[in-house]
Structure formats: structure tokens, C-alpha cells
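# Chain and residue survey
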2 protein chains.
Amino acid sequence: MNNSPIGVFDSGVGGLTVVREIIRELPEESIVYFGDTARVPYGSKSRETVTKYSRQIVRFLRSREVKAIVIACNTASAYALHEVAHDIDIPVIGVIEPGAKAADKVTQNGRIGIIATEGTVRSGTYEKVLKQINPNLKVFLKACPLFVPLVEEGWRYDSVTYEVADRYLNDIMMYDIDTLVLGCTHYPLIRRIIQKVAGDGVTLVNPAYETAKELAGVLYDNGIMAEQSVPEYRFYVSDSVKKFSSFAESILPCDVGHVERVNMEYNQGD
Amino acid sequence: MNNSPIGVFDSGVGGLTVVREIIRELPEESIVYFGDTARVPYGSKSRETVTKYSRQIVRFLRSREVKAIVIACNTASAYALHEVAHDIDIPVIGVIEPGAKAADKVTQNGRIGIIATEGTVRSGTYEKVLKQINPNLKVFLKACPLFVPLVEEGWRYDSVTYEVADRYLNDIMMYDIDTLVLGCTHYPLIRRIIQKVAGDGVTLVNPAYETAKELAGVLYDNGIMAEQSVPEYRFYVSDSVKKFSSFAESILPCDVGHVERVNMEYNQGD
């Protein structure tokens, strides 16, 4: 039993879809969230840069005495999970392994599609993790760099977004996949369009949901679940608080009270 | 006469459209370019963050002994030109004033449209500068946040880009503008689509071209033009060299020889 908060971080606002699932799954847990809005996005940046940024953020979260860390960003999970987990002695969970495990359970024909940022695709992490789970799986990846800007523009139920989705998904639907992993935390926000384009024969997997369930298991196994606790939610960002708050209010099931700006560049050292 | 290089910077690769015009206009001048690819884009970030980043970059360029600085980014010009120019004793030129002056000359009916990033629109700098030039001008702004990702996806002659442009421009075409400023350095790369949507009655103004002409005047007035010089071009970026080089090769009229990565976060102090 441990009422310390869980640290959650992302390149910006996308990780709030993971926070949303954690709040639903673990309503007694407190959360400290960091969104790196001054340097967003990570999806188009290199492994070295994303790893450096992730380490800075983990150092910050540790200073807030978190009991576990969730990397709520597929790109950072792909590039930096092992480096970060190696640095510290508390549990660290990324979004890729929970998503991959769920995809393996769901698929009937063993053919899995992954849509993600350029960085996540380039990293090869989804293939590697899926092949470790089951070497017979066939995995097909597609980078969808326009999805994040379309979500952030607010065109979540829009004909342009449908047309872009249609074009991106065409490239992997031809491989007869029956399972599609939403491999970027923004994508669940356009899941209706993605489902419509992919068709009813394809099951969507949302790693945010799977990660919240995995987190519950890890807390339980380590004996560090919160008990009889009134949860506190604290949000930190590296750029403007105002813009973050309005996006957060729109997707979280709770009031976004405390949001504070911190300068991540002074929190370095590697 | 002075054969020192000109310093040019941008949030990423967009400023290369300005470099291209400088090379055409001033073929004897050497250039040191910095693209902040680890923190790109600036267009959606706050004034404070963009100003801080701009100051770090100017400090870096000064260490390369540049004789003048061109802020080849509309957002950084909008937020940081005056702060940066105030800090140092060499000429500093942004892209907004040259673009605004050209728009004032071109317009017949005094109704000017500006398309730009969210940051540039929010800053109010284009209106302010245009009203200083001519208080009778009517100025209409529209943020077009999807244009940069569409250009970077390579969809420069694409039906999706046309549809997005049509939707964005509709909002300002209704004001009967006869002049449209391409207020983001990426936008000249989709100027054909923009011209087609805007129609023949609208003259496009490219601030990159106007800035190169302004730079020539400033160098001449200060007696610091290069003479009998074989120009050298050096490129620095804060993220992966490889990705930058291939984009640069595709839009510059010269070989992109020297590209080097620098860590901008250690180059701070404000």
C-alpha cells in the first residue's frame, strides 16, 4: 500500500488519453502528468533526441516522488523505455508491450496492422515485441504523420480526416489484417473514422486502455496500490499552461485543477 | 566589404526557402544556417518559449562570427525580432516587414490576406506592421496549421492539400482581398495550390523573396557586402543530420555539403 502518485509523461497532450484510462481503471491513484509541449512532437525526431528528453522528464517525475512511471507516448516507449527502466528502481511501463499483448490475443488470422508516428515505425519496436510474444505473427506498419495535426486542429469527425485515413489505411488493409493497433496516443480520438475506414472485420486495439490494465497489475504485484485515498491530479507542461488546460478539460473525466509550467532544459545532466 | 557569413535560422527546414532566395539574390555571400529540428515546430508554441529558443540560436550564430542575422521563420520574427535585435549590434532582419512592405505595394484595393501559423496570427505582428506602413489597409488573417505537416508529408500537389487549402482560404477570400501573403516559410512550397484556390485575381506575396532583397539593401547600406568571394554554406541542426540533408538537397540550388548537429540546450543562459 502506497499513496504516492503515478508519474505519466508524453510529448504533449496525447498521453492524456492514457491518463483517462488510468483514472477509470484506478480511481484511487494520484497522478503527476508531464507534457513536453515546448518540444512536441516526438514522432518525427530521432532516437537520440527522444531518449534525452525522456531522461530529463523522468528525472523531473522522480523529484515529485512517484512510485511508478508510465511512458504514455508510443515514440518515447519505442525509443527510451529500456534506457529509462535501466536508470531507476521503480516500475516503468510503456504503451507498446500492453498494446502488443492485446493484439496477439485478439487476432484470429495472425495478421496485425500497426499505425503510428514515423519514429515509432522506424524504431521497429512493435515488430520486435510482437515477434517475441508469437514468432508466427505477421506485422504490417504504416506511419500516419498527418493524424496528430488533424486531431489537434479539431477535425475529428471530418471528411478530410476520412480521406487521409482512407489513403493511409489502404496501404495496410491490402494485407488482410484482422487487428489494428492505434500506435499513437492521439489516434483513439479519431477511432470512429479509423473503424469506418478499416471496416467491421478489423478489431481496433487501444494501447491506452491496455496500459491502464497492465499498470493495475504491476501496482498489485508490487504491493503499491493506493488505498482509501482521495486522488490528486497534477499536471506540468513545458509550454503555455492555457492551451494545455483547454485540451485537457475536453478529454478528461475530472477537473483539471493544478497545471504548472516547468523549464525542462534546466533539468538535464546527460 | 566583409566576407563573414550571414546567419540564418528557422525552427526547422522551412527557412531553407529563404536561403534559396538569398543564394539567388546574393551569390557571393556565405551562409551559416541553423534549423532547430529537435524543437520544431514553433508555430504552435508560446511567445516566451519561441523567444527563449531564438535567443539561444542567436548566441550560437554569433559564435560563428556572422555579420548579419536573418530570422527566416515568421513565428520567430513575430515574437522575437525586437528582443533579438535589441541584444546585439549587428543587423537583424525578420521576414515579416519585407513581406508587409511588398504587400502594401502590390495591393490595389487595400485589402490584404495573411495566412500563417497559429503563433504568427496570435502575435498580431502582421497587422501592426501593415498598419504602421499604411493605416488605411484592411488586414484579414487565417491560421493554417495543417499546411506545414502536409508539405512535410510531401503532399505538395495533392487533392487533400487542395481541399484543406480551399477550406482555410474560404474564410478570408470572402473579404474580397486582392493580395495574399504566404506568412510561413513552408507555404511557398505549395504556392501553386494556393494560387489555384485563391484565383487569378489575387497576387501572392512571398516574404522569402522580399527578405533576400531587403538583406541586399541592408548589407549595401552598412558597407558589408561580400566581394570577390567564393561562398561557403554551413548548416547546423539540433536533431538528425540525415533527415535535414535530404530535404535541403531537394529545395536548394547548391550542394548541401557541411551539415552538423549541435546541442542547443547547452547554449543557453537566459
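An account of the accompanying structure is given in this report. Along each chain, residues carry numbers from 1 onward, in the same order as the chain's sequence is written. Each chain is given a letter, starting from A, and each ligand a number, starting from 1, according to the order in which they appear as written. The predicted origin of the model limits local features to residues at a pLDDT of at least 70 and limits the giving and counting of side-chain atom pairs to 80 or more, whereas totals for whole chains, interfaces and linings rest on all residues. Values reported for side chains reflect all heavy atoms of the structure, with hydrogen atoms and water molecules removed beforehand.

Turning our attention to helix α3 (residues 74–87) of chain A. Residue and element names in this part refer to chain A. Compared with an ideal rise of 1.5 Å per residue, which puts 14 residues at 20 Å, α3 spans 19 Å between its outermost C-alpha atoms and is within 8% of the ideal. One fitted axis covers the seven residues ending at a residue, a second covers the seven starting there, and the bend at that residue is the angle between these axes. Under the scheme used here, helices are H or I runs from DSSP no shorter than 4 residues and strands are E runs no shorter than 2 residues, and both carry numbers assigned from the N terminus. The largest bend along α3 reaches roughly 65° and is located at Ala80. Inspection of α3 places Asn74, Thr75, Ala76, Ser77, Ala78, Tyr79, Ala80, Leu81 and Val84 among the buried residues, and these make up the whole buried set. By this rule, a helix spans an expected 1.5 Å times one less than how many residues it contains. The buried label goes to any residue with under 20% of its type's maximum accessible area, the exposed label to any with over 50%, and the partly exposed label to all in between, with areas taken from a 1.4 Å probe on protein chains only.

Moving on to the pattern of salt bridges. Salt bridge, as applied in this entry: a Lys or Arg side-chain nitrogen positioned within 4 Å of an Asp or Glu carboxyl oxygen. On inspection of all chains with the given rule, the structure shows 30 salt bridges over all chains. For A:Asp158, the salt bridge identified is with B:Arg167, shortest N-O distance 2.5 Å. With one member in each of two chains, A:Asp158 in the loop between α7 (147–152) and α8 (159–173) and B:Arg167 in helix α8 (residues 159–173) form a pair that bridges those chains. Judged by relative accessible area, which is 15%, A:Asp158 ranks as buried. In this structure, A:Arg234 engages A:Glu232 in a salt bridge whose closest nitrogen and oxygen atoms are separated by 3.6 Å. Taking the relative accessible area as the measure of exposure, A:Arg234 reaches 33% and is therefore partly exposed.

As a further point, take the environment of A:Ile115. Residue and element names in this part refer to chain A. Relative to the assigned elements, Ile115 resides in strand β5 (residues 111–116). The spacing of Ile115 and Arg192 is 77 residues in sequence and 15 Å in space, taken between C-alpha atoms. Contacts are assigned to residue pairs that have any heavy atoms within 4.5 Å of one another. Beyond its immediate chain neighbours, meaning those up to four positions away, Ile115 contacts Lys142, Cys144, Phe147, Leu169, Ile172, Leu180, Val181, Leu182, Gly183, Cys184, Tyr187 and Ile194.

Rotating chain A by 180° and translating it 0.0 Å along the rotation axis places it on chain B, where the RMSD comes to 0.0 Å. Such a turn and shift between the copies fits a two-fold axis. For chain A, the residue whose C-alpha comes nearest the rotation axis is A:Arg39, separated from it by 2.3 Å. Alignment of copies: least-squares fit on C-alpha atoms of residues with pLDDT of at least 70 in both copies.

On the side of chain B, 37 residues touch chain A, which itself brings 38 residues to the contact. Together chain A and chain B conceal approximately 2,900 Å² of surface at their shared face, both sides included; 44% is due to carbon and sulfur atoms. At the boundary of chain A with chain B, the tally comes to 6 salt bridges. Of the charged contacts, one joins A:Glu118 and B:Lys243 as a salt bridge, the two residues approaching to 3.7 Å between their closest N and O atoms. Counted as a polar contact is a pair of N or O atoms within 3.5 Å, where, for protein atoms, one must be capable of donating a hydrogen and the other of accepting one, and residues adjacent in sequence contribute only when both atoms are in side chains. Across the contact surface, chain A and chain B share 26 residue pairs in polar contact (both at pLDDT 80 or more). For the side of chain A that touches chain B, the element with the highest residue contribution is α8(A), accounting for 6 residues. Residues are grouped as follows: Ala, Val, Leu, Ile, Met, Phe, Trp, Tyr, Cys and Pro are nonpolar; Asp, Glu, Lys and Arg are charged; all remaining types, including Gly, are polar. Looking at the side of chain A that touches chain B residue by residue, the classes come out as 13 nonpolar, 11 polar and 14 charged. A 1.4 Å probe defines the accessible area here, and the buried area is the portion of it lost by two parts on being joined, summed over both.

What follows deals with the sheet that holds strand β10 (residues 258–261) of chain B. Residues and elements named next belong to chain B. Strands were regarded as paired on the criterion that DSSP finds at least two bridges between them. Spatially, 6 strands are ordered β4-β3-β1-β2-β9-β10 in an open sheet, and the strand pairing comes out parallel. A single partner strand is all that each edge strand has here, and the edge strands are β4 (92–94) and β10. The mean inter-strand angle of the sheet, taken between neighbouring strand axes irrespective of direction, is 20°. Sheet topology note: the strand β2 (residues 31–35)/strand β9 (residues 233–237) ladder contains 5 bridges and is parallel. Within β9, the position partnered with Val32 by the bridge is Arg234. Relative to the sheet, helix α3 (residues 74–87) contacts β1 (6–10), β3 (68–71) and β4, its axis offset from that of β4 by approximately 165°. Fitting a line to C-alpha atoms yields each axis, with helices limited to the stretch in contact; the angle taken between N-to-C directions then spans 0 to 180 degrees.

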